[in-house]
Amino acid sequence: MTVSHDEVHDQAIFARLAQKIAPGATLLRAWMLHGGVSARVTALEIQHADGHIHKLTVRQHGAADLARDPGIAANEYALLQALHNAGLPVPQPCILDQSGELFATPVVVSEYIEGETVSALTDAPDFIAQMVAHLALIHQVDYHAPAFAVLPKLDETCATILSNRPATLDTLLEEGRIRDALEAAWPWPRQNTSRLLHGDYWPGNILWRDGRLVGIIDWEDAAIGDPLADLAITRLDLLWAYSMDAMRSFTDAYAATVPVDLSNLPYWDLCAALRPAGRLGVWAPDAAAEARMRELHHLFVAQALDRLPVG
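Predicted, not measured: the structure shown is a model, and the values here were computed from it.

What counts as what
Residues numbered from 1 in each chain as written. Predicted model: local features only at pLDDT ≥ 70, side-chain atom pairs only at ≥ 80, totals over all residues. Heavy atoms only, no water. Salt bridge = Lys/Arg side-chain N within 4 Å of Asp/Glu carboxyl O. Helix = DSSP H or I, 4+ residues; strand = E, 2+ residues; numbered from the N terminus. Buried < 20%, exposed > 50% of the residue type's maximum accessible area, 1.4 Å probe, protein only. Pairing = 2+ DSSP bridges. Axes fitted to C-alpha atoms, helices over the stretch in contact; angles between N-to-C directions. Contact = heavy atoms within 4.5 Å.

Trainee: Can you help me understand the pattern of salt bridges in this one?
Mentor: Close approach of charged atoms lets side chains of opposite charge pair. Enumeration according to the criterion identifies 19 salt bridges in this entry. In this structure, Lys 20 and Asp 97 form a salt bridge, with 3.5 Å as the shortest nitrogen-oxygen distance. Residue Lys 20 is located in helix 1 (residues 5-21), and its partner Asp 97 is located in strand 4 (residues 93-97); the two are separated by 77 residues in the primary sequence. Exposure remark for Lys 20: the relative accessible area of 34% places this residue in the partly exposed category. Asp 126 is paired through a salt bridge with Arg 212; the nearest N and O atoms lie 3.8 Å apart. Of this pair, Asp 126 sits in helix 4 (residues 124-140) while Arg 212 is found in strand 8 (residues 212-216), placing the two residues 86 residues apart along the sequence. Asp 126 gets classed as partly exposed once you look at its relative accessible area, which sits at 29%. Linked by salt bridges that have partners in common, Arg 59, Glu 76, Asp 218 and Glu 220 make up one network.

Trainee: Explain the sheet that holds strand 4 here, please?
Mentor: In a beta sheet, neighbouring strands pair by backbone hydrogen bonds and run either parallel or antiparallel. Taken in spatial order, the five strands of this open sheet run 1-2-3-5-4, and their pairing is antiparallel. Two strands in the sheet have a free side with no partner beyond their single neighbour: strand 1 (26-33) and strand 4. Neighbour-to-neighbour, the strand axes of this sheet turn through a mean angle of 25°, independent of strand direction. Running at roughly 165° to strand 4, helix 3 (residues 72-85) makes contact with strand 3 (53-61), strand 4 and strand 5 (107-111) of the sheet.

The structure is reproduced here in structure tokens:
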């Protein structure tokens, strides 16, 4: 097997990073972690001077996220530390490298969580129950600590999105119809108090080991706002990843666990449906998956529109 110049270069950089993490440490291997679209994540296995093996992840944020928030690395480091201190199963941050000596942009190095995502449900009730319980824990976190102060307010984000209609709409995902419904109702009356939101709570960001939920990753979309926004995002992604039954079971279990008013869920469903507009092809692994996701998206939008409050 041949090794490219870029791979050799990366290995050399990560070997130097290992030394920065722990003087005397040796890089054993480095490999890319796939699944995300907004950042490059590399796993490292290093050996400390005393011989023990340590696994870590190195997160390099993409250009879009850096343009949106130039301080995203430092903010993510502080957020992960606060979430870890709150007892959530998140990667514990180790170092924030903003020196520019090894990487062109700041990187966050965190503990590696041994786990994997679940592509098929073998014990759906237990799986759903654990997902709901951990989302409830997220929504119970006191977000008034300094680390959460930089998080965007979801209402402000929604107002910006809805007041800036693109010149070209994604007709295949009914973007115009979705925006028409949301713009006509905005701002809808607030029924729930604001909570800490993960912002992208879906099966691809949840790690499992031996049937237990052990990790919640990718917090770059965290925000403060109505918990129904998180619920809606999870609903659509469960529909895509598993089934309509999984989506409904999760919704029912969440409503039975968290004291929320579901009146505005159709609006937040439509907000969730707006997220992939113009970029479903990036989210889908192949053309067949994209076609299936588009078909299910239509069903999701239809049920939301049918449940909008009358008058």
